[in-house]
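In case you want the letters, here they are:
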Amino acid sequence: MSRIRSKDTKPEKLVRLFLFSRGFRYRKNDARLPGKPDIYLPKYKTVIFINGCFWHKHEGCVKFVWPKNNAEYWAKKIEGNVSRDKRNYAELSQMGLKVIVIWECELKKANFEFAMEKLVRSITSQDKQ
Ligand SMILES: [Zn+2]
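Since the model is a prediction, treat every value here as computed from it, not as a measurement.

A. Broad picture of the overall build of the protein chain. Looking only at helices and strands, the protein chain has three helices and three strands in total. When the helices and strands of the protein chain are read in sequence order from the N terminus, they spell out α-β-β-α-β-α. Seen through its C-alpha atoms, the protein chain measures out along the principal axes to roughly 45 × 35 × 25 Å. The buried share of the protein chain, taken over its 129 residues, is 42%. Accessible area for the protein chain stands at about 8,300 Å²; split by element, carbon and sulfur atoms hold 53% of it. Across the protein chain, 28 positive and 14 negative side-chain charges occur, with their mean positions spaced 4 Å apart.

Next up, the structure:
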């Protein structure tokens, strides 16, 4: 399993490429924003996180299963990530940014286009969250 928020992991790259091809312009991993969102679209006041299902605890997802070994370690680690995520999302919202979370499992090949159309709709719908 890969690291939590390594730069330019594959799913993030795919989403960025797609957005770029649609004419969206973004900053990646902007360190001035809480949680360094994978994608920040200044024009749309929107940030996007592409979350790994394991590391960010995608509940109900087949890709999220508690490891049997070192249960306590993992519980602490994963729940720590989850509460950090929540804090970051709240701070970003308070800054007036729309927060969109995409789970890695939504980006499977067969589903990718559907997920991207949904993403574009969420970005461009300008009702406040
Ligand atoms: Zn998932």
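Next comes the rest of the account.
B. Fine view of the sheet that holds strand 1 (residues 39-41). If you walk across this open sheet you meet the three strands as 1-2-3, and the pairing is mixed. The open sheet has two edge strands, strand 1 and strand 3 (98-103), and neither has a second partner. Recorded for the sheet is a direction-independent mean angle of 20 degrees between the axes of neighbouring strands. As paired elements, strand 1 and strand 2 (residues 46-51) share three bridges and run antiparallel to each other. Opposite Y40, over in strand 2, you have V47 as the bridge partner. Against the sheet, helix 1 (residues 10-21) contacts strand 1, strand 2 and strand 3, and its axis sits at roughly 145 degrees relative to strand 2.

C. Quick look at the pattern of salt bridges. For the structure shown, the criterion picks out five salt bridges. As a salt-bridge pair, E117 and R22 come within 2.7 Å of each other at their nearest N and O atoms. Separated by 95 residues along the polypeptide, E117 in helix 3 (residues 109-124) and R22 in the loop between helix 1 and strand 1 bring together distant segments of the chain. By relative accessible area, which is 32% here, E117 ends up partly exposed. Beyond isolated ion pairs, a larger network of salt bridges with shared partners links R27, D30 and R32.

D. Broad picture of helix 2 (residues 71-94). In this model, helix 2 (24 residues) spans 34 Å end to end at C-alpha, consistent with the 34 Å of a helix rising 1.5 Å per residue. Buried residues in helix 2 make contact with strand 2 and strand 3. Where helix 2 ends, the next residue or the one after it, G96, has phi of about 90 degrees, a positive value.

E. Up close: the packing of aromatic side chains. Enumeration over the complete set of coordinates arrives at nine aromatic pairs. Between F54 and W74, the aromatic rings sit 5.5 Å apart at their centres with planes inclined by 70 degrees, giving edge-to-face as the arrangement. Taken together, the positions of F54 in the loop between strand 2 and helix 2 and W74 in helix 2 put the pair 20 residues apart, joining distant regions of the chain. In terms of burial, F54 and W74 fall into one category: buried.

Parameters at a glance
- Residues numbered from 1 in each chain as written.
- Predicted model: local features only at pLDDT ≥ 70, side-chain atom pairs only at ≥ 80, totals over all residues.
- Heavy atoms only, no water.
- Helix = DSSP H or I, 4+ residues; strand = E, 2+ residues; numbered from the N terminus.
- Buried < 20%, exposed > 50% of the residue type's maximum accessible area, 1.4 Å probe, protein only.
- Areas by Shrake-Rupley, 256 points an atom, 1.4 Å probe, with all protein chains shown as cover.
- Lys, Arg positive; Asp, Glu negative; His and termini not counted.
- Charge placed at Lys NZ, Arg CZ, Asp CG, Glu CD.
- Pairing = 2+ DSSP bridges.
- Axes fitted to C-alpha atoms, helices over the stretch in contact; angles between N-to-C directions.
- Contact = heavy atoms within 4.5 Å.
- Salt bridge = Lys/Arg side-chain N within 4 Å of Asp/Glu carboxyl O.
- Expected span 1.5 Å × (residues − 1).
- Phe/Tyr/Trp six-rings, centres within 6.5 Å; stacked < 30°, edge-to-face > 60°.

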